[in-house]
Amino acid sequence: MPGKILCVAEKPSIAKAVAGHLSGGQYQTANTGSTYIKNYSFTFDFGPPWGNCNAVMTCVSGHLTKLDFGPEFNDWNYPPPEKLFDGPVHVTIDEDNKAVSTNIERLARGSRALFIWTDCDREGEYIGSEVRQEALKGNNRLEIKRARFSNIERAHVIRAAKHPIDLDERQVDAVAVRIELDLRIGYAFTRFQTTTLRALGGPLGDATISYGSCQFPTLGFVVDRYFRVKSFVPEPFWGIRVTHKRDDINVVFTWARNRLFDRATVIILFERCIAAKTARVTKVQEKPTSKWKPLPLTTVELQKVASRLLRMTSQQAMTIAESLYNKGFISYPRTETDRFDKGMNLMALVEKQTQDNRWGAFAQNLVNGAFKQPREGRHDDKAHPPIHPIAYCAPTGLRPEEGRLYEFITRRFLACCSEDAKGQATDIELEYGDEIFHTRGVIVLERNYLNVYPYENWTNSTMLPNFMLGERLEPTEAMITDGQTCAPGYLTEPDLIALMDANGIGTDATMAEHIAKVKGRNYVFTRPRAGGGGGRSRGFNDGEGEGAEAPTGREARGGRGGRRGGAGGGRGSEGGTGGVEEFIPSTLGVALVEGYDRMGLETSLSKPFLRKELEQRLKAICEGRVSRGEVMRESVRQYKSVFLESKERVELLKAVRQLSLCLFLFCYVSWPGHRVCGTVN
DNA sequence: GCAAGGTC
């Protein structure tokens, strides 16, 4: 044999799966000093120039190293926190990673080459560089390669093993910058905020007032919505509604202009309608319509749905998903990908579900020919497939909440593999005076995926009577309706996740942690949404793969007669009712955000802009447009200047002895009409 | 005692 090849994956599941494929199942397993990690030995023909080689496959467990300040920075007061922006930092290996790194170092000694099998995302590239570092300690003549793979299908993995590439140093650099900046900025501001606040005594005497580049924007979203709700001023609007009774059916026609905010105009337009006496049918159109099946499941979507329909917090959902993953029932639960790789054998996965007594018959029907390739979303992290069941699990084998999540994931998967729901829509348009009105009737013809996916629904609208194109009719009733815009609701967890996602705050794996963090720090709290919750249409994008902008502005609620036209046509209603938790900032949370916002909104630490800018700079590093050093210097300069300005303000306030007037940090002036919300303890 | 990112 021409020499041994050492393969290292990012986590045990990948090591095992890859070893299985490359060895054809013929491998020897050896324990290591780490409980979770095993070494798999086998032979494999890596192709030229390697040929048939002995190989050992092992792994790490996420990041191997840690960045930290030395003991000279242990004291929070001295050296002063601004020194954390340029003080020396060191790479260390945690105690629980010692065994992992010595395993790699030892295996590297007898190897000719290292093949890195970490996930093909930015963090994975960096973890690959950590592995390289350790391996080179054992053998500095080691040749370093990297396997490029986006799923663990057999053929794909074998191809990756035979066509390795090099580590992408730019991605490694980008992550190195992220790690160092998060550390410096997080520590500096956390120490500054905490020590400043504690000096004030009171109820916050021993609280930790942490700052983080993700937790603060998360808090910022909650505060922002809070003020939008509090400062909302309803605006009245008016509309026109026409009804016509035929064959004992009351058909409601809605106004093409929907509503106007000027009453006099509406009255004039309405009078022209009345003056016309009759309306003319200008369009009668029947056409097929469909309700699209859902997209393949991503982590963000899983978290949103879990809190909306399954009554779990996003963090609970992730914990449960991880346990299902570790038991081998579902695929890797942290993914941004909403399209299945063409090569994946989805039918085999569907087949495994045929034995279930809830959805087995549906799955069998797919196997028998009803199977349809899933829709393809626009996201692909090139590292993991969408979340899907990989083994069947009977409900008795799971805890109740695991069962509910497994059921959702499975039904979602089966829905993806079936046909859109089909219906027939009838659109009728009236011209009345100078105004246009329409109505729509929908008949659901085939429910298809809806039969396995009870989380969505689609129902027939009221049956429409026949109308003839060109006919004139006298409306049974025409009236002016009125209503007023109503305040948006406080943020819910799905809203918050959507905002974080849209603004690049955190990753699929960490968003739930940031939300838990701002709760744990008493920056925000949740409470059940008051007032039943049923009446308000949130207009929330249901994850159809479009941009995930969460609802922000005002929404209208009709007053008398202000209902939207035609029940069918669009999206159906969702199954979840009531029990929605809403996010409210605490006094402390508001004070923190206000304090930083007062220094300028574009650079406020509570806003997502700085983090977004950093993300763009990291991307620039990955594209080779700028160096790691330049980004590091510029970002440190930027954050340090915000830091020094904050510090100056505090000093100023101390000097003029106004501290008793300011809640903390900077001058927090009471918002007009703003009642301090919640308590800190 | 502080971050965010991996992962068990």
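Residues numbered from 1 in each chain as written. Chains lettered and ligands numbered in written order. Predicted model: local features only at pLDDT ≥ 70, side-chain atom pairs only at ≥ 80, totals over all residues. Heavy atoms only, no water.

What about the nonpolar core?
Burial of nonpolar side chains together is a common tendency in soluble globular proteins. Counting residues in hydrophobic clusters, the biggest one holds 66 residues, and the most contacted among them are Phe85, Phe189, Leu219, Leu496, Tyr523 and Leu605. Per element, the largest residue contribution to this core is 13 residues, and it comes from helix H5 (residues 169-198). (Core = buried A, V, L, I, M, F, W, Y, C linked by side-chain atoms within 4.5 Å. Buried < 20%, exposed > 50% of the residue type's maximum accessible area, 1.4 Å probe, protein only. Helix = DSSP H or I, 4+ residues; strand = E, 2+ residues; numbered from the N terminus.)

A few points about a nonpolar patch on the surface
Side chains of Ile443, Leu445 and Met463 sit close together on the surface and give an oily, nonpolar patch of about 310 Å² of accessible area. Inspection of the secondary structure assignment puts leucine 445 in strand S13 (residues 435-446). (Patch = residues over 30% accessible without salt bridge, like charges linked within 9 Å, V, L, I, M, F, W, Y side chains within 5 Å. Areas by Shrake-Rupley, 256 points an atom, 1.4 Å probe, with all protein chains shown as cover. Salt bridge = Lys/Arg side-chain N within 4 Å of Asp/Glu carboxyl O.)

Description of the UniProt feature "domain: Toprim" (unreviewed entry) in chain A
Mapped onto this numbering, the UniProt entry annotates "domain: Toprim" (unreviewed entry) at residues 4-151. Helix and strand shares over residues 4-151 are 28% and 32% respectively, and the end C-alpha atoms of the span are 25 Å apart. (UniProt positions renumbered as here; feature names shortened; annotations may be inferred.)

Some details on the side chain of serine 150
Position of serine 150 relative to the elements: it lies in the loop between strand S8 (143-146) and helix H4 (154-162). What makes serine 150 buried here is its relative accessible area of 19%. Setting aside residues up to four positions removed in sequence, serine 150 forms contacts with His156, Asp341, Lys382, Ala383, His384 and Pro385. (Contact = heavy atoms within 4.5 Å.)

A word on the protein's contact with DNA strand B
Around DNA strand B sit 39 residues in total, of which Ser61, Arg198, Tyr332, Thr510 and His514 are the nearest. When the atoms of DNA strand B within 4 Å of the protein are grouped by moiety, sugar and phosphate amount to 58% of the total. One of the side-chain nitrogen or oxygen atoms of aspartate 182 is found 3.3 Å away from a sugar or linking oxygen of DNA strand B. Asparagine 326 has a polar side-chain atom sitting 3.3 Å from a sugar or linking oxygen of DNA strand B. Secondary-structure elements contributing two or more residues to the surface near DNA strand B are strand S5 (65-69), H5, helix H9 (314-326) and helix H14 (511-520). With nine residues, the single largest contributor to the surface near DNA strand B is H5. Broken down by class, the residue content of the surface near DNA strand B amounts to twelve nonpolar, 14 polar and 13 charged. (Near = heavy atom within 4 Å. Polar contact = N/O pair within 3.5 Å; in protein donor to acceptor, adjacent residues only side chain to side chain. Nonpolar A, V, L, I, M, F, W, Y, C, P; charged D, E, K, R; others polar.)

A look at the packing of aromatic side chains
Here a ring pair, both rings aromatic, is described through the centre-centre distance and the interplanar angle of the planes. Applying the stated criterion to the full structure yields 28 aromatic pairs. Ring centres 6.0 Å apart and planes at 80 degrees place the aromatic pair phenylalanine 253 and phenylalanine 467 in the edge-to-face group. Of this pair, phenylalanine 253 sits in strand S10 (residues 249-255) while phenylalanine 467 is found in the loop between S13 and strand S14 (472-473), placing the two residues 214 residues apart along the sequence. For phenylalanine 467, a relative accessible area of 6% puts it in the buried group. An aromatic cluster of at least three residues, connected via ring pairs, comprises Phe85, Phe189, Phe192, Tyr211, Phe216, Tyr523, Tyr596 and Phe643. Against the face of phenylalanine 237 rests arginine 259, its NZ or CZ located 4.8 Å from the ring centre. (Phe/Tyr/Trp six-rings, centres within 6.5 Å; stacked < 30°, edge-to-face > 60°. Lys NZ or Arg CZ within 6 Å of the ring centre and 35° of its normal.)

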